[in-house]
Amino acid sequence: ELSPAPSLATNNNKKLEKDLKKSPKSTEIYDHNDLTKRQKILQTRRSLPVYKFKSQICQLVAKHPVVLIVAETGSGKSTQIPAYIHVSSCLKE
């Protein structure tokens with residue numbers, strides 16, 4: 001028999017949920033755990049080999065219709081490069 005999953009909300013999360021219900025536009029509020037998680041993600045992204053070529057990649061994508069990028073598996077080609085292009089808006093619409 002399956003039982004419902006236990007609630008993962010702590011007192012801090014319950015307070016955050018109440019605050020968000022009071023002010024639905026305040027989606028930029030994060031608790032400490034979210035910030036720590038974000039910091040870890042940023043640190044991991046910065047450790048990937050493609051990170052040091054971020055600006056060069058965006059410049060090449062903006063300048064040339066086709067850019068081939070060759071790098072080892074796990075370097076961030078398929079996850080990070082599309083994010084760099086999206087965030088930098090280096091593609092003309």
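Above: the structure in question.
Please read these numbers as outputs of a predicted model, since none were measured by experiment.

Participant: Help me out: how do you make sense of helix H4 (residues 80-88) in this one?
Facilitator: Helical geometry: 3.6 residues make up each α-helical turn, so side chains three or four residues apart lie on a common side. Listing the buried residues of H4 in full gives Gln-80, Ile-81, Tyr-84 and Ile-85. End-on, the buried residues of H4 take up no more than an arc of 140 degrees, which puts them together on one face. In H4, the exposed residues that point more than 90 degrees away from the buried face are His-86 and Val-87. Note on H4: the residue one or two positions beyond its end, Ser-89, has a positive phi of about 55 degrees.

Participant: How do you make sense of helix H3 (residues 54-63) when you look at a structure like this?
Facilitator: Residues of H3 that are buried include every one of Ile-57, Cys-58 and Val-61, and no others. For H3, the angular spread of the buried residues around the axis is 95 degrees, confining them to a single face. Facing away from the buried surface of H3 by more than 90 degrees, the exposed residues are Gln-59 and Lys-63.

Participant: Is there a simple way to explain the side chain of Ser-75 in this structure?
Facilitator: With respect to the element layout, Ser-75 can be found in the loop between H3 and H4. At 2.8 Å, the side chain of Ser-75 and the backbone oxygen of Glu-72 are in polar contact. If we ignore the near neighbours within four places in the chain, the residues touching Ser-75 are Leu-48, Pro-49 and Val-50.

Participant: How should I be thinking about the packing of H3 against H4 in this particular structure?
Facilitator: Between two packed helices, the angle of one axis relative to the other and the distance separating the axes together describe the packing. Two elements in contact, H3 and H4, have axes separated by 10 Å at closest approach and are oriented at 70 degrees. The orientation of H3 with respect to H4, classified from their angle, is roughly perpendicular. The way H3 lies across H4 gives a crossing that is right-handed. In this structure, H3 contributes Lys-54, Ile-57, Cys-58 and Val-61 to the contact, and H4 contributes Ile-81, Tyr-84, Ile-85 and Ser-88. Partitioned by chemical class, the residues of the contact of H3 with H4 number six nonpolar, one polar and one charged.

Rules and cut-offs
Residues numbered from 1 in each chain as written. Predicted model: local features only at pLDDT ≥ 70, side-chain atom pairs only at ≥ 80, totals over all residues. Heavy atoms only, no water. Buried < 20%, exposed > 50% of the residue type's maximum accessible area, 1.4 Å probe, protein only. Helix = DSSP H or I, 4+ residues; strand = E, 2+ residues; numbered from the N terminus. Arc of directions from axis to C-beta. Polar contact = N/O pair within 3.5 Å; in protein donor to acceptor, adjacent residues only side chain to side chain. Contact = heavy atoms within 4.5 Å. Axes fitted to C-alpha atoms, helices over the stretch in contact; angles between N-to-C directions. Parallel < 35°, antiparallel > 145°, perpendicular 65-115°, else oblique. Left-handed = near helix turned anticlockwise from the far one by under 90°. Nonpolar A, V, L, I, M, F, W, Y, C, P; charged D, E, K, R; others polar.

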